[in-house]
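An overview of the molecular structure
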Protein chains: 2
Amino acid sequence: MAAVRRPTVRDIARHAGVSVATVSRVTSDDPRVRAETRARVQASIDAHGYTPSSLGLGLARRRHQALGVVLPGLGGPYFAELLRGVESVAAAHDTAVTVLGAHLRPDVAGAVERLARRTDALVVQAGTVDDAVLAAVADEVAVVVLAGSPQHPTTVRTDGESACRDVTAHLVDVHGHRRLRFVGLPPGAPEPAQRHRGFRRALSERGLVESGPPLSVGLEAVDGAAAARDLRASGDVPDALVCANDEIAFGLLATLPGLGYDVPHDVAIVGFDDNALAALAAPRLTTVHQPTAELGATAARLALAAASGEEEPTTDHVLPTRTVVRESCGCSPAPGARR
Amino acid sequence: MAAVRRPTVRDIARHAGVSVATVSRVTSDDPRVRAETRARVQASIDAHGYTPSSLGLGLARRRHQALGVVLPGLGGPYFAELLRGVESVAAAHDTAVTVLGAHLRPDVAGAVERLARRTDALVVQAGTVDDAVLAAVADEVAVVVLAGSPQHPTTVRTDGESACRDVTAHLVDVHGHRRLRFVGLPPGAPEPAQRHRGFRRALSERGLVESGPPLSVGLEAVDGAAAARDLRASGDVPDALVCANDEIAFGLLATLPGLGYDVPHDVAIVGFDDNALAALAAPRLTTVHQPTAELGATAARLALAAASGEEEPTTDHVLPTRTVVRESCGCSPAPGARR
DNA sequence: GTGAAAGCGCTAACAA
DNA sequence: TTGTTAGCGCTTTCAC
């Protein structure tokens, strides 16, 4: 802990025999300083190990040099990957990343408001915070909503509905499944809802309806495992299960065989996200690839741009997805696929 | 983005007909304000939607109200869980959490130094930052090292060596395995190294040696998958594999069957961490349970305490672990274990 | 090219 | 109980 007081501009100024203004010019790379003076100042800076206080600097410049990220939880491969994307662009902008796990907080609204007050921009996962709070906060900081809907000003997302429509279509058209169910639909989360819509659209386009309500409300592997048990208990296992994300699919994949159901023979399974484990599962998971880190990076980029006044018009950025066919849907291993 | 200037103490003071000091007293819950005055000030505060600037406040109080967390990457269940622990404590202290993914950064040392300058305390995963940097930074902020070794002042960890010694012993003593290998030993990471030591200790105590060098250097599921392929290629699959963490074990679990090796019949596998998927894998993973969130929470608690001057003596906090026997080691399902 | 001085928004002695 | 007044550490006009 700090025993010695950190040197300030004034210390350096005195030591170098210049004014604080000059020191400030040196630390902020202002060109109008004579090379000789600059060298002398720099020497003092080095000698004292001086670095500007972020608080003083922030106050004077009215800038926090920080980006806030609000996610439901901090767990799971999806959000980790998202955060990675955010971090990479933040690092490039010399900006700190401050995180907030919304689902861990008793008072999300308050926490977000406080976060807004110590950052220049916010990247918020849709469904974690009331839109009213978001709106209130939006005139203090730039806000970019991940997976947001049209009512949000700036959004970054993928088209989960079409993507999920496509994998579902694969299940019906290629494998001839007729009895399909959706797994994972937590209330208030827009992305699973979107995917569920795509699922139903694919079915109705083919004259089918979902053969039962969505199973399970969570988005984690344990929820998939629970869904598997419920299914067995109900005695009614459908032809195929379309999951809101890969983790749920892993839970199913890990549990169904022990319950006596072979995947994909007895029941086909598809996921969503294409996380690192998808290609490792047994059978390998057919899923929708999302550019997860890209989503985070794009959001961060937009947020930071908006924060530095590049007041761009309201925009909706849709990143591309792609169906990745492996074996959990019933397809045979592609020739050359490593196992 | 901010169109209107945010109100300041002075605005509120003027509007409420009091001095800035009184406003400050109200916002910081100072008791020496008459109830009546307080009410009037509070009314102005509410009317203007005033909230103290964190920058001004921080500068005056010389406190950031922020905690920095340095982890290798932000990915994976382990670090997510750790972060969850940190967040919960930080939230209780009304403190923001600023994260840094060390392995994503080209200039870790610089990044950590900058982070130190905008936080009151740092929780650092051992092996992510040079000890020299840590030492340099330690007289600016409180530093707590996760999984650190004795040369660090304050550390929070589990006894990975003993824990790994114990699971390894189980494999040898209960299942009679003699040819065992360790998987996952990235250079510079102290925890896997510790576990590897425990592994070797268990063996040597029983007159055995590891039947080959540690496999794979990564700590992720893909690394386990790669290790499985290497093993097959070498044609020499041992009796049992002891993994540095659960993720590696999942990679093995997912890949070995496809290669023609049954787990645990042909090869036993044990992991480390006991993450959420461990009880879901097929077969369920025998592993060492770590109180991961607790580790983060404890570290955060210590860091914050140190930051608020409770200059406690150098301490080494060791949290308990426990071997969780499931079926991947070859044991039969415990009666009553849900599958 | 350099310096003096006025803030940025807040807290904390000290006085009253 | 309340107000006055220095700062906290930095940037940034505006003179020189």
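The rules behind these values
Residues numbered from 1 in each chain as written. Chains lettered and ligands numbered in written order. Predicted model: local features only at pLDDT ≥ 70, side-chain atom pairs only at ≥ 80, totals over all residues. Heavy atoms only, no water. Least-squares fit on C-alpha atoms with pLDDT ≥ 70 in both. Contact = heavy atoms within 4.5 Å. Phe/Tyr/Trp six-rings, centres within 6.5 Å; stacked < 30°, edge-to-face > 60°. Buried < 20%, exposed > 50% of the residue type's maximum accessible area, 1.4 Å probe, protein only. Lys NZ or Arg CZ within 6 Å of the ring centre and 35° of its normal. Helix = DSSP H or I, 4+ residues; strand = E, 2+ residues; numbered from the N terminus. Pairing = 2+ DSSP bridges. Near = heavy atom within 4 Å. Polar contact = N/O pair within 3.5 Å; in protein donor to acceptor, adjacent residues only side chain to side chain. Nonpolar A, V, L, I, M, F, W, Y, C, P; charged D, E, K, R; others polar. Axes fitted to C-alpha atoms, helices over the stretch in contact; angles between N-to-C directions.

A few words on the relation of the copies chain A and chain B. For these two chains of identical sequence, chain A goes onto chain B by a turn of 180 degrees and a shift of 0.1 Å along the axis, with RMSD 0.2 Å. Those values place the two copies in the arrangement expected of a two-fold rotation axis. Of the C-alpha atoms belonging to chain A, the one lying closest to the rotation axis is found on Thr-98 of chain A, 2.1 Å away. In this assembly, 100% of the residues forming the interface of chain A have copies in chain B that are likewise at the interface, indicating an isologous arrangement.

Let us now look at the packing of aromatic side chains. Residues and elements named next belong to chain A. Counted by the stated rule, this structure contains four aromatic pairs over all chains. Taking the centre distance of 5.1 Å and the plane angle of 80 degrees together, the rings of Tyr-78 and Phe-79 count as edge-to-face. Assessed through its relative accessible area of 11%, Tyr-78 is described here as buried. Residue class for Phe-79 comes out buried when judged on its relative accessible area of 16%. Its end group placed over the ring of Phe-272, Arg-195 keeps NZ or CZ at 3.8 Å from the ring centre.

Before going further, it helps to examine the pairing of strand E6 (residues 180-183) of chain A. All names here are of chain A. Residue alternation in E6 divides its side chains into two sets, Leu-180 and Phe-182 and Arg-181 and Val-183, and both sets are buried. Of the pairings in the sheet, the one linking E6 to strand E7 (residues 240-243) comprises four bridges and is parallel in character. Looking at the pairing, Val-183 lines up with Cys-243 of E7.

Looking at DNA strand C, there are 29 residues lining it, with Arg-25, Arg-34 and Thr-37 of chain A together with Val-9 and Tyr-50 of chain B nearest. Backbone sugar and phosphate groups make up 63% of those atoms of DNA strand C lying within 4 Å of the protein. Ser-24 of chain B places a polar side-chain atom, nitrogen or oxygen, 2.7 Å from a phosphate oxygen of DNA strand C. Listed by contribution, the elements that provide at least two residues to the surface near DNA strand C are helix H2 (20-27) and helix H4 (54-61) of chain A together with helix H1 (9-16), helix H2 (20-27) and helix H4 (54-61) of chain B. Taken together, the residues that form the surface near DNA strand C break down as 13 nonpolar, nine polar and seven charged.

Read from one edge to the other, the open sheet built from twelve strands follows the order E10(A)-E5(A)-E4(A)-E3(A)-E1(A)-E2(A)-E2(B)-E1(B)-E3(B)-E4(B)-E5(B)-E10(B), with strand pairing classed as mixed. Across the chains shown, the open sheet's two edge strands, defined by having one partner strand only, are strand E10 (316-319) of chain A together with strand E10 (316-319) of chain B. Looking at each pair of strands side by side, their axes are set apart by 20 degrees on average, direction ignored. The pairing of strand E1 (residues 66-71) of chain A with strand E3 (residues 121-125) of chain A spans four bridges and is parallel. By the bridge assignment for E3 of chain A, Gly-68 of chain A is matched with Leu-122 of chain A. Against the sheet, helix H12 (residues 292-307) of chain B contacts strand E1 (66-71), strand E3 (121-125), strand E4 (142-146), strand E5 (154-158) and E10 of chain B, and its axis sits at roughly 160 degrees relative to E4 of chain B.

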